[in-house]
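Given next are the chains, with one letter for each unit.
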Amino acid sequence: AALEAGAGSDEFRAAWASRLLPAVAAFEPEAIFVSCGFDAHAEEQVASLALADDDYAWITAELKKRSSGAWSAARSSLRRPLSAAARSSDSRSTSG
């Protein structure tokens, strides 16, 4: 969804709520990767958009709500290998 230069929170959220979030939900992704660059922030000198801090939190929360199955699966699958690695690391550090 293209936004006009200078568009702010209202336009950003409207575009996501009306077009992009429904498209994400319809696609039913197995995973969602988010790269939150802050170059669209209102305080960024070269920004062509005028987003506020809360917009980044809002879109993250909205994506999480619409991808709860994928989000939960990703969190639990990440936790298992990391937990195993931590246990392995702990046993090495206490055994010597």
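Some words on the overall build of the chain
At step 1: Of the regular secondary structure elements, the chain holds three helices and zero strands.
At step 2: N-terminal to C-terminal, the α/β element order of the chain is α-α-α.
At step 3: Looking at the 96 residues of the chain, the share that counts as buried comes to 19%.
At step 4: Long-range pairs, those at least 24 residues apart, make up 57% of the contacts in the chain between residues at least 6 apart in sequence.
At step 5: As displayed, the chain offers around 7,000 Å² of accessible surface, 55% of which is attributable to carbon and sulfur atoms.

Focus: the side chain of D55
At step 1: Within the element layout of this structure, D55 appears in helix α2 (residues 53-66).
At step 2: Within the structure, D55 has its side chain in polar contact with the backbone nitrogen of A52 (distance 2.7 Å).
At step 3: Ignoring any residue separated from it by four or fewer positions in sequence, one finds D55 in contact with S9, F12 and R13.

A few points about the pattern of salt bridges
Side-chain pairs of opposite charge can arise where the charged atoms are in close proximity.
At step 1: Going through the model one piece at a time under the given rule, you end up with two salt bridges.
At step 2: Here R13 and D55 are joined by a salt bridge, their closest N and O atoms 2.7 Å apart. Of this pair, R13 sits in helix α1 (residues 9-27) while D55 sits in helix α2, placing them 42 residues apart in sequence.
At step 3: Residue classification places D55 among the buried residues on the basis of a relative accessible area of 1%.
At step 4: Of the charged contacts in the structure, one is a salt bridge between E62 and K65, with a shortest N-O distance of 2.9 Å. Taken together, the residues E62 and K65, both in helix α2 and three residues apart, mark about one turn of the helix.

Side note on α1
At step 1: Taking 1.5 Å per residue as the helical rise, α1 with its 19 residues ought to reach 27 Å, and the 25 Å between its terminal C-alpha atoms agrees with that figure.
At step 2: Helix geometry: α1 is bent most strongly at A17, by close to 45°.
At step 3: Among the residues trailing α1, E28 stands out with phi positive, at a value near 50°.

As for the packing of α1 against α2
At step 1: The contact between α1 and α2 brings their axes to 11 Å, and the two run at 15°. Compared by their axis directions, α1 and α2 come out roughly parallel. Once α1 is placed against α2, the crossing between them reads as right-handed. Residues S9, F12, R13, W16, A17, L21 and V24 of α1 form the contact with α2, whose own contacting residues are D54, D55, W58, I59, E62, L63 and R66.
At step 2: Partitioning the contact of α1 with α2 into residue classes produces eight nonpolar, one polar and five charged.

How each quantity is defined
Residues numbered from 1 in each chain as written. Predicted model: local features only at pLDDT ≥ 70, side-chain atom pairs only at ≥ 80, totals over all residues. Heavy atoms only, no water. Helix = DSSP H or I, 4+ residues; strand = E, 2+ residues; numbered from the N terminus. Buried < 20%, exposed > 50% of the residue type's maximum accessible area, 1.4 Å probe, protein only. Contact = heavy atoms within 4.5 Å. Areas by Shrake-Rupley, 256 points an atom, 1.4 Å probe, with all protein chains shown as cover. Polar contact = N/O pair within 3.5 Å; in protein donor to acceptor, adjacent residues only side chain to side chain. Salt bridge = Lys/Arg side-chain N within 4 Å of Asp/Glu carboxyl O. Expected span 1.5 Å × (residues − 1). Bend = angle between axes of the 7 residues up to and from the residue. Axes fitted to C-alpha atoms, helices over the stretch in contact; angles between N-to-C directions. Parallel < 35°, antiparallel > 145°, perpendicular 65-115°, else oblique. Left-handed = near helix turned anticlockwise from the far one by under 90°. Nonpolar A, V, L, I, M, F, W, Y, C, P; charged D, E, K, R; others polar.

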